[in-house]
Amino acid sequence: MKKLCTIASILFGFVICCSFTISTSFADYIHQEGYCVMHGQCGAKANYGRELNCPYNKPAIEPDDGLRSKLVNICGSQYENSSTCCDANQLDDLNANTKQVETLISTCPACWKNFLNLFCTLACSPNQSTFLNVTSIGISPITNLQIVTSIDFFVGETHGKGFYDSCKDIKFAATNGYIMDIIGGGAKNYHDMLVYLGEERLVGSPFQINFPLNDTSNIMLPYNDPPKRCNDTDINYRCSCVDCQSVCPVLEPTPEEEPPCHVGSLTCWAFGLYLTYVILLLAVVIGFYTKKFLDNHKFDRAGFERVALNEEEEDTLVNQERPSRRYALNSLLQDYFYQQGYICAKYPWQTIGVAALIVFLATLGCSKFEVERDPVRLWVAPNSDSAVQKEFFDQNFGPFYRTQQIFISNINSSQSVVNYDTLKSLFIIEHEIRNLKSFPNNHTLQDLCFHPNGDSCIVQSVAGYWQSDLDNFSKETWKRDFTDCTSAPIMCLPDFQQPLKPDMILGGFENNEYINAKALVLTFVLRNSLDQNEIDAAREWEKSLREYLNNLIGDENDKIDVSQLRISFSTESSLEIELNKSTNTDIYTIALSYLVMFFYASLALGNITSLPRMIIDSKFMLGISGIIIVLASVSTSVGIFSLLGIKVTLIIAEVIPFLVLAVGVDNIFILNHEFERLTLKSFGEESVEERIAKTLGRMGPSILLSALSETIAFGLGGIVTMPAVRNFALYASLAVWVDFSLQVTAFIAFLSLDAKRQEEDRIDCLPCVKIDAPERIDREGLLQKWMRKYYAPFILNRKVRIAIIIYFVGVFMAALSFIPQVELGLDQRIALPFDSYLVDYFNDLDAYFRVGPPVYFVAKNLNVTKIEGQKTLCGRFSTCNQLSLANILEQERKRSQVSYIAEPTSVWIDDFFHWLNPSLEKCCRFKKGTDQTELCDEFDDDDDCEVCFEDREPHWNITMSGLPQGEEFLKYLKLWLKSSPEEECPLAGKAAYGDAIVLDSENITVKASHFRTYHTPLKSQKDYIAAYHSAHRISELINEENPSVQVFPYSIFYIFFEQYEYIISLATEIFILAFVSIWLVTTLLLGSAWTGLIIVCHVIMIITDVLGIMALWGVSLNAISLVNLVICVGIGVEFCVHIARAFTVGGEGVDREERAYRSIVDVGSSVLSGITLTKFWGILVLAFTRSKIFEVYYFRMYVSMVISGAFHGLLLLPVILSLIGSEGMGSGEDFDYDIFEDEEMFGGRPIRRADNRMLVDDGGIESGESDAEEL
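Predicted model only: the values in this text are computed from it and were never measured.

(A) Structural view of the pattern of salt bridges. Per the counting criterion, the structure on display carries 38 salt bridges. Ionic pairing is found between Lys647 and Glu370, a salt bridge with its closest N-O pair at 3.9 Å. Placement of Lys647 in the loop between helix H21 (620-643) and helix H22 (650-682) and of Glu370 in the loop between helix H11 (348-363) and helix H12 (375-379) is noted, with a sequence separation of 277 residues between them. For Lys647, a relative accessible area of 27% translates into the label partly exposed. The shortest N-O distance in the salt bridge between Arg876 and Asp911 comes to 3.8 Å.

Structure below.
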């Protein structure tokens, strides 16, 4: 049924069957020293069966000289003077079969010696009867002689445990597994190993061998000779570190192994912050009551009676300031913007025409428009380590394979999927996929698959245990076959001749109970290439595979009933296709979000004073013009950078309009509201041009301050290496500056046209139509009125200010404590549409797949043809460097919880050198007469072959002194890489290492080679990041201990996770640059370093709060969230800078509280309506997106930054300025506002002017009540 391919089974079946003599009972036979229980061979159980042993309960035989010589040569010097229980035929068979096992375990001399001793003693010991007992015998139908059919073999614990311990860690590089999987069925203790050897089965022992732990008869004496240890004092038997832990060096502990610092359930960081906050809070309380006590007990030193100051007097004294100064740069900017505003207002169409021409010319660059979709080019700099290493790997070893993977489980996930019907369906599915043809070029799996060993494709499937042939799959025997194959995969090789480890093809089982597996895993491996034509062919076949599987899942396949099965799958190209689908789906959501913000901004600009004038006083067209300016600034930026060859990314397309809208709409509201205030003040006595000139003269420096701060802050982000972030920073910087330029020119022109339209009673949106309308009565807006009468006085109340500061400091401390909990990474499932088939696949991958990604440690710039280079890499020879590459990787594997290395490393140089071992007579053999240029294969007769290194001086040995170097090394290496693994020699290199070594024959060296192992199963982004970090830490350790070699790790996912190695430092660098630039700009334009510092501190607090919310709301830090945090810097500046400037230029000699009050009333409503409310309505739309990535990284983050920015800018900042703000300065005679004036009359109703506004008293302002009294 199955090909009997295991070397171990041949030995344990044949050697045992020709080595035992038994009796049917203890009483019938003699069990004492010097007696045998078997001798010779008496026939087989059936035709073509293996020979079994003859019962022989007689004294051991004295061998003749020829037999003794053979016995000593095979089994050792302990037989030089002893009798024996085996004959020459048994010795020949024993020698032939142990030679095959030697190819597997000779790398550990102690294990090999123990193995050989056990079977030599079993077959030839003169004291056989003391530890063997026959439990049943039979008659051979071939010879009619008695044969042994079952026995008890008594092995003592000392020998059994020592034998097991010497072999348990030996690696089998071809499978990245262990020899114990082959010779012991994956046993975890010595008794399980022996039981596995003794089980009667087709591919194991030909009769049952039991290994009792106790002798109830007290007659038997267990075989218990002291075994050789893998760390034996005799160097001839000492194993290498790779195969024996006790001889390995001890590596220094890693930082990850140190326990984290905690105080109770809190981290030390959080505990320190909370303690600091409590101390500050207590200090405030103590200070408050101390001051109160001192005020109540204050005495005059001159002996006057104590007089308590009332609160108003005290406030007056505290708030007294010396007159402030004028700032020359501020005056210069105001004059400049005044002149510019006047010109733009006077010549609106010319201004608009020039601006449109410039935008048009810049937008022509969009003809070079390209979108960067390649994730490698998005997240990794071309000169980054991962990019360089990936290119080196691809160029020398070929791109990583294209993987197509399918999970099959039951609809009832608690049921096992391992049953006859499901496995039969698996055979049919695999067969149909193998025969699947693509359209239109009819490519098949055979055309595209990866086949390193002949023409057989690598298909990892349970069906491979039956060579993927349904005829080999029997309903009667499938369960036994399945159990045997999962216990020892090398016994059931698939057609591509590589063992199928159960972890690769089964999932959802525990404790190696494979029969209870909840999922079948089917993996097809396709070649990858740098040739685009081959990639296109693979993509075409993958498309056909997706269509086939979708039809299968949809019950459109008549041959297979999958109604009770659940199938999930992924092809190599699936992720890119689904991500693009997600982006296309979200375009409509994003567009709707922007439309909502546009519509609100257009409506909110209007100040409708009466219903009859609504169609005149609305400013919808003005709002639309502001939106057009935002779009024009984005298109200008895109056009210029497209012309320069800097590609657009999806982040730029989705985010920059939001950023520019946040900045631009705020400025639009500020300019419009300021113009309305000037209109109120002027009584219509000033021309539109004059009012607009004053508007821009007063607000232009503020707009310049915010725009310049954001432009420089974003521009400095262009120096980072991550392309997606760098490109965003450049695009955003230019877009913000262009938006500012258009606002102070084109929008001013639009504002002028709209004002003239309104004064001429022309309809909004239809300016050509003029109607008769009642006279306009200007009055204060509801939002402005609310902020003046209620909001500003409330937050500037002394007790409220203290409460606000305590609250915000507490929030800041809490956010700081949460920041370490912000995780890194971007879960692929979040980036997918919620209904994508890949979501189920990734869920199954996490739940069922038990194998981590392969990782390759690439060694280059090392001359391996010399002994020094060989010792740097090897691990299975006694003279290898103690901290060689192989030894370090083996030690790291043993602490997989921090190294994330799960499997033994495939070390090609060890396998290559052991392949040359002349004692492994079936491995390196030349055909005679070919001048050692042609190797023998398994079908060549031994007489026609000569063994490599057989007569070499010095002899091949474990000390490496007899190994090839120079040109001879390359000669044998080339032959080894062409040699295919066979049953009798699995060490051949073609299958396992055919693409692992790059030769340089011209320079007689190896240019590069890789050493393959596997990560532990990686279930989360945290695991992937930690695995990446650990692999690079390991490579640095290898390079440090072995300076002659350059080693770097490579895995398919590394290039996407390099960003997380430096994303925290990158974010810190961007923020520091941004904060410094903001401080410098605000200091320069405001003339106050202290105010600049206050603004920066508030922006820092906004960023900190957003990071804290990210931790609580499950938003990870990655390139997308980093871009959003950079946006948060800009929005934070926008929330703070206008209020800060209004405070700074609030007038000469005006105290802090009054200037804080005026800043809230003057620009607070513009900030609230311009940024907060505009963004709020747009963000609400994002909550309904179908894509999880927009819900998490846009909706959640934008809500966080807008709310945090609004609270800090409109609540905390005025309070801080009222307490510790800088000195005020004047704005110049033309721009200073009157603080308070006498009451006047307008339209029969009382009005008065406050903060450059004419307020019509409609019941909201009490006549004769001053703002100071309200405050």
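From this point, the discussion proceeds with the structure in view.
(B) Broad picture of the packing of helix H37 (residues 1089-1113) against helix H40 (residues 1188-1220). The N-to-C vectors of H37 and H40 enclose an angle of 145°; their axes lie 9 Å apart at closest approach. In the crossing of H37 with H40, the sense of the turn from one axis to the other is right-handed. Residues belonging to the contact of H37 with H40 are distributed by class as follows: 17 nonpolar, 5 polar and 2 charged.

(C) Molecular detail of the packing of aromatic side chains. Using the criterion set out here, one finds 49 aromatic pairs in the structure. Ring geometry for Phe427 against Phe473: centres 5.0 Å apart, planes inclined by 40°, an arrangement best described as tilted. Remark: Phe473 occurs in the loop between strand E11 (459-460) and helix H16 (478-487) and Phe427 occurs in helix H14 (residues 420-434); sequence separation between them is 46 residues. On the numbers, 6.4 Å between centres and 65° between planes, the contact of Phe714 with Phe728 is edge-to-face. With Phe714 in helix H23 (residues 688-716) and Phe728 in helix H24 (residues 723-759), this residue pair connects regions lying 14 residues apart in the sequence. Taken as a pair, Phe714 and Phe728 share a single burial class, namely buried. Clustering of aromatic rings is evident, with ring pairs tying together Phe393, Phe397, Phe400, Tyr401, Phe450, Tyr856 and Tyr1050. Here Lys971 stacks its cationic end above the ring of Tyr972, 5.2 Å away from the centre of that ring.

(D) How the structure looks around the sheet that holds strand E7 (residues 208-210). Spatial ordering of the open sheet is given by E3-E4-E7, a layout of 3 strands whose pairing is mixed. What marks the edges here is a single partner per strand, and that holds for strand E3 (132-139) and E7. Averaged over all pairs of adjacent strands, the angle between their axes in this sheet comes to 25°, without regard to strand direction. Bridge count between strand E4 (residues 146-153) and E7: 3 bridges; the pairing is parallel. Considered in E7, the bridge of Asp152 is made with Asn210.

Analysis parameters
- Residues numbered from 1 in each chain as written.
- Predicted model: local features only at pLDDT ≥ 70, side-chain atom pairs only at ≥ 80, totals over all residues.
- Heavy atoms only, no water.
- Salt bridge = Lys/Arg side-chain N within 4 Å of Asp/Glu carboxyl O.
- Helix = DSSP H or I, 4+ residues; strand = E, 2+ residues; numbered from the N terminus.
- Buried < 20%, exposed > 50% of the residue type's maximum accessible area, 1.4 Å probe, protein only.
- Axes fitted to C-alpha atoms, helices over the stretch in contact; angles between N-to-C directions.
- Left-handed = near helix turned anticlockwise from the far one by under 90°.
- Nonpolar A, V, L, I, M, F, W, Y, C, P; charged D, E, K, R; others polar.
- Phe/Tyr/Trp six-rings, centres within 6.5 Å; stacked < 30°, edge-to-face > 60°.
- Lys NZ or Arg CZ within 6 Å of the ring centre and 35° of its normal.
- Pairing = 2+ DSSP bridges.

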